[in-house]
Amino acid sequence: MINGTVRTQVDKVWDTFWTGGISNPLEVIEQITYLLFLKRLDEEQTGLERRANRTGKPIQNPIFPDGTDPRGRDYSDLRWGRFKGFSREEKFKLFSEHIFPFMREELTRQSNGEHSTYSHHMKDARFTIPNAGVLERVIDIIADIDMTARDTTGDLYEYMLSKIATAGTNGQFRTPRHIIELMVQMTDPQPMEAICDPASGTCGFLVRAAEHLWESPDLLTNQPQLDFYHHEQFHGYDFDNTMLRIGSMNMLLHGVENPVITYRDSLAELHSAEEEKYHVVLANPPFAGSLDYAGVSKELLATVKTKKTELLFLALFLRLLRNGGRAAVIVPDGVLFGSSKAHKDLRKLLVEQHKLDAVVKLPSGVFKPYAGVSTAILFFTKTNSGGTDNVWFYDVKSDGFSLDDKRTPLGSSDLADVLERYKQRTTTEAERTRTDRSFLVPKSEIAENGYDLSLNRYKEVEYDEVEHKAPEEIIAELELLEKEIVDGMSELKDLLK
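Reading the values: rules and limits
Residues numbered from 1 in each chain as written. Predicted model: local features only at pLDDT ≥ 70, side-chain atom pairs only at ≥ 80, totals over all residues. Heavy atoms only, no water. Patch = residues over 30% accessible without salt bridge, like charges linked within 9 Å, V, L, I, M, F, W, Y side chains within 5 Å. Areas by Shrake-Rupley, 256 points an atom, 1.4 Å probe, with all protein chains shown as cover. Salt bridge = Lys/Arg side-chain N within 4 Å of Asp/Glu carboxyl O. Helix = DSSP H or I, 4+ residues; strand = E, 2+ residues; numbered from the N terminus. Buried < 20%, exposed > 50% of the residue type's maximum accessible area, 1.4 Å probe, protein only. Contact = heavy atoms within 4.5 Å. Domains from an automatic or database assignment. Buried area = accessible area lost by both parts, 1.4 Å probe. Polar contact = N/O pair within 3.5 Å; in protein donor to acceptor, adjacent residues only side chain to side chain. Pairing = 2+ DSSP bridges. Axes fitted to C-alpha atoms, helices over the stretch in contact; angles between N-to-C directions. Core = buried A, V, L, I, M, F, W, Y, C linked by side-chain atoms within 4.5 Å.

Looking now at a nonpolar patch on the surface. There is a patch of nonpolar side chains on the surface, built from I485, M489, L492, L495 and L496 and spanning about 590 Å² of accessible area. Along the chain, L495 falls in helix 19 (residues 471-496). Looking at L495, the relative accessible area reads 70%, which means it is exposed.

Spelled out as structure tokens, the structure:
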């Protein structure tokens, strides 16, 4: 985790943008992303130069080549370590007239075959920092932040992302890190497994999956696993170019060299190459209401005829998963009990033709202050041949934070218990009763209830016996209270005489 000093420096960067006239959090993050990217490019070039000095061999495909750019500026002036010493006015002119054109027009070509995710998403970069003073202050603050540690850089960026307060647009909101952590641990991605988030946003799920895999004992010593990790393991789709830039930078700062972060309207297009490609799908898709049939992929409509985005995303996940692939997906409560034909058909599909592993009911308030929507997490395995015997339910009462807009940390959380019990869902969990926090429900019972997956349908509530006073006793107490009020009013009148 980042320390208080770094956190203060990040807050200063944020405040500088706000006082400088940029109040849109996404725009602030985007501009910071460009600066971090430039700093990273300079560090990469420095590494290449050191290697060239050691080996005596020239640099192949340098990021900053010799000579001048098309506008006559020396490429070396575009490097972080060099322009940092320029005057504020010169820096501002350099950014608007040389650095941003360089990122948009030349960077991909100069990487010569190494078309990284990052350079690709910089092709439409916009420089919107309003004046030279703001640019200089932000560069100075970022330069002073120690970003050498792998974990620190990622945490720092995550901290900045946590400041995105405009969530909720188009049904999108940032998934709390501890909820993502739970979903990753329960799906337990393994080395050489392709992982996909078709609504990737800031790539929070992919980042946490990368951290989970980084703990694998063989990853650092197994070159094929390491190459797969850096270039083929992580796949994210989004149709917002700003989020693609932010998401890919988030992955870079968490140590993944070249994830596949791609522009794609996941519900509108489904390339055949993507079908049955992934071992794991992790997602919190936007609940944006309804779409027109004309704007939805025909393949998805063949799975479920609906305009509801949350149902279409579930159909998409089933198509993206390979046989045996696992998914953990956040859905609004309506998916669990919706009475439309599409709702029932999709739930039946999950239960009867695949293996629905678990339904984890989250408390309302988990996504505050962004949204108060009631949600659950579905865990399922694609089998194409059924396999659901029992579905495991867990009723989460506390995620470790208060459920109001403040989201104050609490002393306890159910999430560790969720993970522990999930691991035992085929053994000791079978002995639990329906009054417990978690329990199993047989497939036959779910089918009898129209494939309703709402926890309250199956949970048994235990009522405590309460002894009430006799009506005569309650009336006597009320009469006594009334007499006391009358006496009090009488005394008050005497005092006012």
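From this point on, the discussion continues.
What follows concerns the environment of L350. Along the chain, L350 turns up in helix 15 (residues 341-353). For the pair formed by L350 and K91, sequence separation is 259 residues and the distance between their alpha carbons is 57 Å. The contact partners of L350, leaving out residues within four places of it in the chain, are L318, K355, L356, L378, F380 and T388.

Buried accessible area, meaning the area lost when the parts come together, often serves as the stated size of an interface. Looking at the assigned domains, one finds that the chain contains domain 1 (4-149) and domain 2 (171-457). Domain 1 puts 17 residues into the contact, and the matching count from domain 2 is 17 residues. Summing both partners gives a buried area of about 1400 Å² for domain 1 against domain 2, and 63% of it is carried by carbon and sulfur. Our count for the contact surface shared by domain 1 and domain 2 stands at one salt bridge.

Okay, the side chain of D414 next. By secondary structure assignment, the location of D414 is in the loop between strand 8 (390-395) and helix 16 (415-423). What makes D414 buried here is its relative accessible area of 13%. A polar atom in the side chain of D414 sits 2.8 Å from the backbone nitrogen of K397.

Below, the discussion takes up the sheet that holds strand 5 (residues 321-332). Sheets are built from strands paired through backbone hydrogen bonds, the pairs being either parallel or antiparallel. Taken in spatial order, the nine strands of this open sheet run 3-2-1-4-5-7-6-8-9, and their pairing is mixed. Each edge of the sheet is formed by a strand with only one pairing partner; in this case those strands are strand 3 (260-263) and strand 9 (438-442). With strand direction ignored, the average angle separating the axes of adjacent strands in the sheet is 15°. The sheet contact formed by strand 4 (residues 278-283) and strand 5 spans five bridges and is parallel. From the neighbouring strand, L282 faces strand 5, where its bridge partner is A328. Taken strand by strand, helix 16 contacts strand 6 (355-361), strand 7 (375-381), strand 8 and strand 9, and its axis lies near 165° from that of strand 8.

Core analysis: the biggest nonpolar cluster contains 49 residues, and F17, I32, L35, F95, I99, M103 and Y157 have the highest contact counts within it. Contributions of two or more residues to this core are made by helix 1 (4-19), helix 2 (25-55), helix 3 (80-83), helix 4 (88-110), helix 6 (132-144), helix 7 (150-161) and helix 11 (241-253). Take this core: its biggest share by element is nine residues, from helix 2. Two domains each put at least three residues into this core: domain 1 (4-149) and domain 2 (171-457). Membership of the second largest hydrophobic core comes to 47 residues, among which are A199, V296, L356 and F439.

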